[in-house]
Amino acid sequence: MATEVLMPRQGQSVESCIIIGWKVNEGDTVTEGQALCEVETDKATFEVESPASGTVLGIFYPDDADVEVLKVIAAIGEPGEDVSALRPETSSEDSEQKTEDSEQKTEDSEQKTEDSGQNTADREQTLDQEEGRPSSLSSVVSPPSSDPSGKVSPRAKNLAAKKGVNISSVVGSGPEGRVIERDVQAALEGRAELSPPAKSKAAAGTAVPQAGSGIGGRILLDDLADVAPQDVASAVAALDFPGSVNEIPVRGVRKVISGRMLDSLQNTAQLTMNTSADARTMLDFRAKCKAAPEERAVGGITINDIVLFATVQTLVQFPELNAHWLGDKIKQFEDVHLGIAVDTPRGLMVPVIRFANRLTLRQLSAEAKRLAMAAIEGTIEPDALTGGTFTVTNLGAMGIESFTPVLNKPEVGILGVCNIQPKPVMQQGGGTEFVPHLGLSLTFDHCATDGAPAARFLAALRQNLAAFDILLVK
Amino acid sequence: MATEVLIPSEKSGGAEFDIIIIGAGPGGYVMAERAGHLGKKVLLIEKEYLGGVCLNWGCIPTKTLLNSAKHYVHAKEAPDFGVTTGEVTFDLSKAMSWKQEVIETLRGGIGFMMKKNKVTVVNGTAKFLAARKVQVGEKVYEGDNVVIATGSSPFVPPIPGADQIHVMTSTDILSIDTMPESLVVIGGGVIGIEFASFFSSLGVKVDVIEMLDEIIPFMDRGQAKEFRKTLQKDVTFNLGCKVTAIDGHTVRYTAKDGEEKSIEADVVLMSVGRSPNLADMGFGEAGLDFDRRGIKVDEQMRTNLPNVYAIGDVTGLSQLAHSATRMGEVALNTICGRRDRFRMNAIPWAVYSMPEVAGCGLTEEQAEAAGHRIESAQLPLTMSGRFLAENGKKGPGSIKVIKDADTDVLLGVHMVGAGVAEMIYGAAVMIEAELRIKDIQEIVFPHPTVGEVMRDVMFSL
């Protein structure tokens, strides 16, 4: 009996992973624990190891396929064994053959997903018991990747993904406007037939329009978003964009970012305040750290670490900014779980330093570095990317003088750190001195707090940064 | 008033007619029939005969004459297949009267369909006054929608001597009463080749003078060459040549190498193309957007004027009767508020010469130019038992198919050989449905038929 290789579940919020590349071919001999392929969630990359030794009898999804977790992606066994029964119905080979039998299977797996969703809900309930009513702390701390409202049943989500329906366009008829399977079916109703090649492509995850350009409105290959190069060329020529065009399907991290950013800008009352802090103490301290003997292990402390530390210490005094805005209530947190924006090859990621207020500067510096490296290398655990209470984003190294950070909803504040510039400061005895200043751009949600408290937080932060060494005395 | 523009379909604007159609060719009369069937009040205006050029001076008369010529050729070839005949002769006047009978029968059929579907037919020359208004004679008709289906006419280039009586257009030559001894065909397109095939098969000496390097410009290049070589046993082709003058019966032309040459001919057929009928109907005054190639329309056949549509040859999009018919249907669906568009990627075409030629979809050159990575395959029709039995070992013919190598989707089908015009619609179905080669391989074809070669060639890809 051949052994199934499953797409592993990486953290509770991960529903599917993209296969970046197979490291083995069908027919290869593998040993248990050998890496079979590399996969990417919307947040990180990792390797799938072989669960058994034997021959790779079947690889069921090609590179770049987006596969639901716990689906069979490959089979390992003795040469000659029949693995056709293990091949999932949505794998690329026979994707257009959606028999009733396979529907049944899907229903079963949907049932499982429902069950695990139930477990999560139970856990949430325990967490929130002291508040008297079951709510969804964890869904707030770790909002679902692509759907901001979160009110979509797993079955509906599955069907929508399978048929290429844009879930955000579906009006929900379930409890509290939850989108259920029936709603997706209704959205599918009236949708034109797909030609055979279009169906194959749609099964691979391309969005499908309601009607196409073919006979009787039939949806043809060219009608799918990711169109053939010649049609891009002609469409582009028609729109007066001569030259070659690179079309990038929006998925993975990009999709998550776009969804969250739009949600943030559409659903909060955010605004930004700019100020700057005297940076002499920070620069001085940084120089001292750098010059310190190696065994002190402070050489790696950067200006950014100093800002993170000062921010965390200031936040503890301003719980209105270390908070979540949830529409019907505000949650203020005693501890600071600090999100740090990291520029990675896959796009923006925000790993979270847990209990940042309980860390020393050196611990904070080390933790920030560890998380940033993991995010850049794509090895970060998905659960490390959720659960922040406030975020810091630093564009100072790129010479940015001020900007408008976008809130990481439902967080109430995000601090943008800018570059250090000399600023003329009038001397008491007359004359002007140029003093290096660090630019700070704070975006906050006016729903949750007001301009004056936000300004007071900035003023306190400015003072803490200017007299940074005092902060270290505890 | 605004709702009228938005929902032109069901709400009648109060005009006398829902739809006024100018021109009763295969675009206009089919649209009139369908619209009448849907209960629309339709006015169809025709200046000559119902059926237009197609029925009266084009598709139908040429096919009737070519059928007579085919009978003649088959009779002559009959001994090869075990049938002895006496002397085989061709009676032009008999062929011509059969042609006329066919035309009149079909014309009567259209008249009946118009009555049955309550279409008002008016005979006369139309003048387009403005959106909604069309004048015929003294009377002004008003319609919520106006459809211009005025067709096209043979284009006669300004060559000295082109105005002589024996220099004929396709319309003129359909009424000749004596067989010429020799014929020069200027223009190697569909019309020129069909007449060249007709006259040469009846023993007339035929020369074709074509400006381009190959005949039938939209044909697959390989098959065009193969086709021309088949015709060459009876027709002389002068390719890459430009006619400079027609002095009496002497056609003078400049050959490809620059040499001045001439051919003597009893009759000269001018078949260099057709131009849209746009003049003297008030189009310019009404503000309609058009140029010498035709009236500009969108995919729903709408012109720049509200509720004014144009269909068929007059749009310059495609000079095929069935294109015109389809355009009329698209215009009607648009008027009725039904979503439709005129797709041009799967319009089949055919040349009814001996052998026939037909095609649908892209040629290799077009597919490559469109950015496809292609694969193609070709098989001779003699692969088919039926074709071999009926056409002999040397029966000319082949089917070529072109697919997209990345998606396996069928892009084009090209055919040469007896009867291929009857099977090209199958290719149109496959291309419209965007079938892949592997899908087509599952379709069953009857045996023994010539069409089986189509199936075989799919398996050789």
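Details of the structure are given in the entry above.
Please read these numbers as outputs of a predicted model, since none were measured by experiment.

S.K.: Is there a simple way to think about the nonpolar core in this case?
M.R.: Soluble, globular proteins show a tendency: their nonpolar side chains are buried together. Ranked by internal contacts, the top residues of the largest apolar core, which has 55 residues, are A:M282, A:L338, A:L415 and A:L465. Top element by residues in this core is helix α9 (residues 303-317) of chain A. It accounts for 8 residues. When neighbours within four sequence positions are excluded, A:M282 is seen to be in contact with A:I303, A:I306, A:V307, A:L438, A:L465 and A:F468. Counting residues in each nonpolar core, the second largest holds 38 residues, with B:M219, B:L231, B:L269 and B:W349 among its members.

S.K.: So what exactly am I meant to see when it comes to the sheet that holds strand β8 (residues 72-77) of chain A here?
M.R.: Backbone-to-backbone hydrogen bonds join strands into a sheet, with any given pair of strands oriented parallel or antiparallel. Residues and elements named next belong to chain A. Read from one edge of the open sheet, 4 strands run β1-β8-β6-β3, paired in antiparallel fashion. At either end of the open sheet lies a strand with only one pairing partner, and these are β1 (3-6) and β3 (29-30). Note that β1 and β8 share 4 bridges and pair antiparallel. Bridge assignment links V5 to a residue of β8, and that residue is A74.

S.K.: Teacher, can you tell me more about the pattern of salt bridges here?
M.R.: Side chains that differ in charge, positive against negative, can pair when their charged atoms come close. What the rule picks out here adds up to 33 salt bridges over all chains. In this structure, A:E367 engages A:R370 in a salt bridge whose closest nitrogen and oxygen atoms are separated by 3.0 Å. With A:E367 and A:R370 both in helix α10 (residues 361-377) and 3 residues apart, the pair spans about one turn of that helix. On the accessibility criterion, A:E367 (22% relative accessible area) is partly exposed. For B:R132, the salt bridge is made with B:D144, and the minimal N-O distance between the two is 3.7 Å. In this pair, B:R132 sits in the loop between β4 (126-130) and β5 (133-136) while B:D144 sits in strand β6 (residues 139-148), placing the two residues 12 residues apart along the sequence. Taking the relative accessible area as the measure of exposure, B:R132 reaches 25% and is therefore partly exposed.

S.K.: Teacher, can you tell me more about the packing of aromatic side chains here?
M.R.: Per the stated rule, a full pass over the model turns up 13 aromatic pairs over all chains. Between A:F285 and A:F468, the aromatic rings sit 5.2 Å apart at their centres with planes inclined by 70°, giving edge-to-face as the arrangement. Of this pair, A:F285 sits in helix α8 (residues 280-291) while A:F468 is found in helix α12 (residues 468-471), placing the two residues 183 residues apart along the sequence. Accessibility expressed as a relative area gives 19% for A:F285, which makes it buried. Residue A:F468 is classed as buried on the basis of its relative accessible area, which comes to 0%. Members of the aromatic cluster, joined through ring pairs, are B:Y72, B:F90, B:F195, B:F198 and B:F199. Directly above the ring of B:Y49 sits B:R107, whose terminal nitrogen or CZ lies 3.7 Å from the centroid.

S.K.: Sorry, what's going on with the interface of chain A and chain B here?
M.R.: One frequent convention defines the size of an interface as the accessible area lost when the parts assemble. Across the boundary between the two partners, chain A contributes 17 residues, which contact 14 residues of chain B. Across the chain A/chain B interface, buried area totals approximately 1100 Å², and carbon plus sulfur atoms make up 50% of it. Counting across the interface, chain A meets chain B through 0 salt bridges. Inspection of the region where chain A meets chain B yields 6 residue pairs in polar contact (both at pLDDT 80 or more). Counting residues per element, the side of chain A that touches chain B draws most heavily on helix α5 (residues 196-203) of chain A, which supplies 4 residues. Classifying every residue of the side of chain A that touches chain B by side-chain character gives 7 nonpolar, 7 polar and 3 charged.

S.K.: Can you help me understand the sheet that holds strand β12 (residues 338-340) of chain A in this one?
M.R.: Residues and elements named next belong to chain A. If you walk across this open sheet you meet the 6 strands as β9-β18-β17-β16-β12-β15, and the pairing is mixed. Edge strands, defined here as strands with exactly one partner in the open sheet, are β9 (270-278) and β15 (352-353). Pairing geometry for strand β16 (residues 390-394) and strand β17 (residues 413-426), over 4 bridges, is parallel. Its bridge partner lying in β17, V392 is registered against L415. On top of the sheet, α9 reaches β12, β16, β17 and β18 (432-445); it is set at about 155° to β16, its chief contact.

S.K.: Could you clarify how one ought to interpret the state of the cysteines in this entry?
M.R.: Working definition: the covalent bond between the sulfur atoms of two cysteines is a disulfide. Scanning the model with the defined rule gives 0 disulfides over all chains in all. A:C37 forms no disulfide, and the closest cysteine sulfur to it belongs to A:C17, at a distance of 9.5 Å. Take A:C37: its relative accessible area is 0%, and that puts it in the buried class. Unpaired in this structure, B:C54 has its nearest cysteine sulfur neighbour in B:C59, at a distance of 3.1 Å.

S.K.: Would you mind going over the packing of helix α4 (residues 59-77) of chain B against helix α7 (residues 190-201) of chain B with me for this structure?
M.R.: Angle between the axes and distance between the axes are the two parameters that describe a pair of packed helices. Residue and element names in this part refer to chain B. Contact pair α4 / α7: the axes reach a minimum separation of 9 Å and the direction vectors enclose 35°. You can see that α4 and α7 cross each other, and the crossing is left-handed. In this structure, α4 uses T62, K63, L65, L66, A69, Y72 and V73 to contact α7, whose residues at the interface are E194, F195, S197, F198 and S201. Tallied by class, residues from the contact of α4 with α7 come to 7 nonpolar, 3 polar and 2 charged.

Analysis parameters
Residues numbered from 1 in each chain as written. Chains lettered and ligands numbered in written order. Predicted model: local features only at pLDDT ≥ 70, side-chain atom pairs only at ≥ 80, totals over all residues. Heavy atoms only, no water. Core = buried A, V, L, I, M, F, W, Y, C linked by side-chain atoms within 4.5 Å. Buried < 20%, exposed > 50% of the residue type's maximum accessible area, 1.4 Å probe, protein only. Helix = DSSP H or I, 4+ residues; strand = E, 2+ residues; numbered from the N terminus. Contact = heavy atoms within 4.5 Å. Pairing = 2+ DSSP bridges. Salt bridge = Lys/Arg side-chain N within 4 Å of Asp/Glu carboxyl O. Phe/Tyr/Trp six-rings, centres within 6.5 Å; stacked < 30°, edge-to-face > 60°. Lys NZ or Arg CZ within 6 Å of the ring centre and 35° of its normal. Buried area = accessible area lost by both parts, 1.4 Å probe. Polar contact = N/O pair within 3.5 Å; in protein donor to acceptor, adjacent residues only side chain to side chain. Nonpolar A, V, L, I, M, F, W, Y, C, P; charged D, E, K, R; others polar. Axes fitted to C-alpha atoms, helices over the stretch in contact; angles between N-to-C directions. Disulfide = S-S within 2.5 Å. Left-handed = near helix turned anticlockwise from the far one by under 90°.

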